[in-house]
Amino acid sequence: MELAVAPRVTLATATLRAAMTRLSEYLLPTEREPPADAEALSHKLMVRAGLVRQIGAGLWSWLPAGWRTHQRVVQIVREEMNAIGGQEMLMPVLHPADIWKRSGRYGFDEMFTLKDRKGADMVLAMTHEEIVTTHAAQVIRSYRDLPKILYHFQVKERDEPRPRAGVLRTREFIMKDSYSLDCDPEGLELSYEKHAVAYDRMLDRSGLEWYKVKADVGMMGGHGADEYMAPCAAGENDVVLAPGYAANIEVASADAQPVSLPPAPDAPEEVTTPGLTTVGQVATTLGVPSGALLKAFPVVLDDGSFVLVMVRGDHRVNEIKLRLALQCGFRAARADEIEQRLGPPGFIGPVGAQMRILLDQGVRTDGGGYVVGGNRPDIHLSGVVPGRDFNFETADVREVLAGDLVNGHAVRIEPAIEVGNIFKLGTRYSEPLGANFLTQSGVSEPIWMGSYGIGPARIAAAAIEQFADEQGISWPRSISPFDVHLVTLGKAGSEEREVSELLYEELIAAGLDTLYDDRDANPGEKFADAELLGVPLRVTVGRKALAAGEFEVQLRRGQEKASVAVDGAVAAIAELWRRLP
RNA sequence: CGGGGAGUGGCGCAGUCUGGUAGCGCACCCGGCUGGGGGCCGGGCGGCCGCAGGUUCAAAUCCUGUCUCCCCGACCA
C-alpha cells in the first residue's frame, strides 16, 4: 500500500507544529469520571479530557494538550494585536507596592501582598496599568512618541474570594492586556476602535459565539467600557439581548412591561395589612398585581444623607445603576435607621417621608394608584399617585427583566462569561503617576490611556461550554489542541498499523497537527477518548475500510462520517479540515 | 464573609453512628485471550485514612484544635 504524496498545505498555525504526538507517549490523563466536586461542564470535561489539573483553590496547571489550546488562542490574539500595530513586550508579576500606593490602588482584599527580605512591601500583579504607566512616564517625552499600543501575555494574581468552575474563575491566570497611549481623547477613541476591531476578529477566529455588551466601568475608573461575553451555562454574568441591543445586566436599560393600575381615588386610602411585609403578601391579599405596588429601598449615601429609592413591586433595584444615578457611594439603611426615619421595616413608603425620593422611571406617573407602605405598623396606603402624594426625582435604577422592551423588542437574558473587555481609562493613571508628554506647542499634558484585556483560558473554557455534547468536547478547529486525531485499529505489526504510521507522517508533513492514537487499546476506548478530547476531525484506519482502499473520517461536531480514498487521502483530509467550523 | 458539604491508593466511593489495625469499582503492572464503541480470564503493585493533640489495652471510627477543598450566596479592577 502506497500513499500518494500530498501537496503541502499552508495553515495559519504552522509555526506551532510540535513533533511527536503519539498517544502512547503523550501525557493525556483522561478520566472516565469527572472530579466529584466539579459542577460546571467545562470544569468536568477539561479534567476528564486531561487538559488541566488542579493544584489548589483557583490554581491550575495546564497539561500538554490543554496548553496547546491555550497557546492557539494566544497566537490568534497575538496576530490580531500585531495587526493593529500592537508591540509585544513583557512586564513583571512582582511589583514594588510603592507604585500601587501612588496610583491609589493599594490594599484591596483581592491583592496578594508580600514583603521581600529587606522588609519592603511588594505586590503581585492584578493587572499592569501601574507598570505600563510608570514606563510611559520614564520613556514618553513628546507627542512625537505617541501613539503607542503595548501589550503582553502575563500572569495575573488575584486573591478571589471564591474561585470557581475550574478554569473560569481562578486566582492565577494568563491575560493578554494591552495599553494604548495617546495625546488626546480623539487619539484614545481611535485606539479603542482599533481594539474593538481586533477583539471582534479574535473572537470570530476562536470560533466562539459571543456578544459585545455595554459595561460598567467599575473600579477601573474611566470613560467607557465594553465587554465581550460568551454565552454559556456556567456564565457568571447576565447579558440583556434584543435585536440591535446587548448590555451587561449591570447597566442594561429597557422599558418596563406595562401593568394595569386601578384608577386612583381623590386621596390615598389606608388599608390594614396585618403582618404583611412582603410585596407578594400584600399584592395577593389586596388582589392587585405586584407591579401595582411600589417597593421602598432606603439608602444612606456616603455623605450621611438618606434617600428613599422607589421601584415597582415586581422590579428590583440594580445597585450599580443606582450608584451611577446617585453619583455617590451608598449603603442600604439599617433596620434601626429605617425605624427612626420612616417607620417599621416592611411598611415603609414615600408618603410623608421627610427625605429625598428617587423614583424609578419604570413607575407610571400618569394617573393610576399604587399601593405603598404607610410608615406605620400593619398599614399600607392604596391609590397613591406619585407627584400628587409625594415629590420625587426620576432615575433609571431598576434591573431589567426578560420581556422588557428595547425599541419595541422584548429582551432576553442569558448567562455569559466575560472573555474580554476594553476600557477607556483617560488620564486616571497617567496623572497620578506623572506620565506626561510635551505637545506640539510645548505644553506638558497627561497621556490618554486605554486598557484592554482578554483571557485565553476563558475562551477555551467557553468554547467547551458552548459546543460540548454527551460524548465530550467539540472544539472549534482554530483552537483545538490538534487538527486531526488519527486512530489506528491495527495491532502492532498489522497492515493497518503500517499504513497508519505512513499516514501520520504525511499528515504532519502536510502541516496538519496530528495526534496519533497508537496505543494497544480496544477500539471503544480509543473512540471514547477521541470524542472526549474533541479534536474536530477523526481519521480511523481499520481493516475493512482499508481493504476497500479507504480511510474513515468522522467530523466531531455532529459526528458525521465520511470516507476518503487512500490515494490522495491527505489532501482530502486537509480539504475537509479547511471546511470545518 | 454568611449558609451547606467533603477530606480513606491516580479517579469515583464504602467503612465512621455501634473502636479491634482498611475494602470495592475503574485505572495501573505481569501473562494470556479478544480486536469497530470503555471486552474477558488469571496473577500482582499501591493508602502512617488531611494534619496535630487527647481518650483508650486498642482510633479511619470517639473528643479538641487546625488546615484544605467544593457548592450556594455576598464579592468580582
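Read on for a plain summary of the structure.

Each value, and the rule that gives it
- Residues numbered from 1 in each chain as written.
- Chains lettered and ligands numbered in written order.
- Predicted model: local features only at pLDDT ≥ 70, side-chain atom pairs only at ≥ 80, totals over all residues.
- Heavy atoms only, no water.
- Salt bridge = Lys/Arg side-chain N within 4 Å of Asp/Glu carboxyl O.
- Helix = DSSP H or I, 4+ residues; strand = E, 2+ residues; numbered from the N terminus.
- Contact = heavy atoms within 4.5 Å.
- Pairing = 2+ DSSP bridges.
- Near = heavy atom within 4 Å.
- Polar contact = N/O pair within 3.5 Å; in protein donor to acceptor, adjacent residues only side chain to side chain.
- Nonpolar A, V, L, I, M, F, W, Y, C, P; charged D, E, K, R; others polar.
- Core = buried A, V, L, I, M, F, W, Y, C linked by side-chain atoms within 4.5 Å.
- Buried < 20%, exposed > 50% of the residue type's maximum accessible area, 1.4 Å probe, protein only.

## Digging into the pattern of salt bridges
Across all of its chains, the model carries 39 salt bridges by this definition. Between Glu 189 and Lys 424 there is a salt bridge, and its shortest N-O distance comes to 3.0 Å. With Glu 189 in helix 5 (residues 185-206) and Lys 424 in strand 23 (residues 412-426), the pair connects residues that are 235 residues apart, well separated along the chain. Where Arg 519 meets Asp 529, a salt bridge forms, and the shortest distance between an N and an O atom there is 3.1 Å.

## So, the environment of Gly 534
Mapped onto the elements of the fold, Gly 534 is located in the loop between helix 11 (523-533) and strand 29 (537-541). Residues Gly 534 and Asp 469, spaced 65 residues apart in sequence, show a C-alpha to C-alpha distance of 9.7 Å. When residues no more than four places from it in sequence are discounted, the contact partners of Gly 534 are Ile 473, Ser 474, Trp 475 and Arg 556.

## Remarks on the pairing of strand 2 (residues 59-62)
Bridge count for strand 1 (residues 52-56) against strand 2 is four bridges, and the pairing is antiparallel. Its bridge partner lying in strand 2, Gly 56 is registered against Leu 59. Hairpin connection between strand 1 and strand 2: a loop of two residues separates the two successive antiparallel strands, and Gly 58 in this loop has a positive phi of roughly 70°.

## Describing the protein's contact with RNA strand B
The environment of RNA strand B is made up of 41 residues, and the closest members are Phe 108, Arg 162, Arg 169, Asn 522 and Glu 531. The share of sugar and phosphate among atoms of RNA strand B within 4 Å of the protein is 50%. Between Glu 33 and RNA strand B, the recorded distance is 3.1 Å, taken from a side-chain N or O atom to a sugar or linking oxygen. When residues of the surface near RNA strand B are traced back to their parent elements, those giving at least two are strand 1, helix 11 and strand 29. Ranked by residues supplied to the surface near RNA strand B, first place goes to helix 11 with seven residues. Considering only residue class, the surface near RNA strand B consists of 15 nonpolar, six polar and 20 charged.

## A look at the nonpolar core
In this structure, Leu 51, Tyr 199, Leu 208, Val 419, Ile 459 and Trp 475 are the most contacted members of the largest nonpolar core, which totals 56 residues. Sequence-distant contacts of Ile 459, that is, excluding residues within four places in its chain, are made with Val 73, Leu 203, Ser 206, Leu 208, Val 419, Ile 454 and Ile 479.

Function cannot be read off these values alone, since they describe shape.
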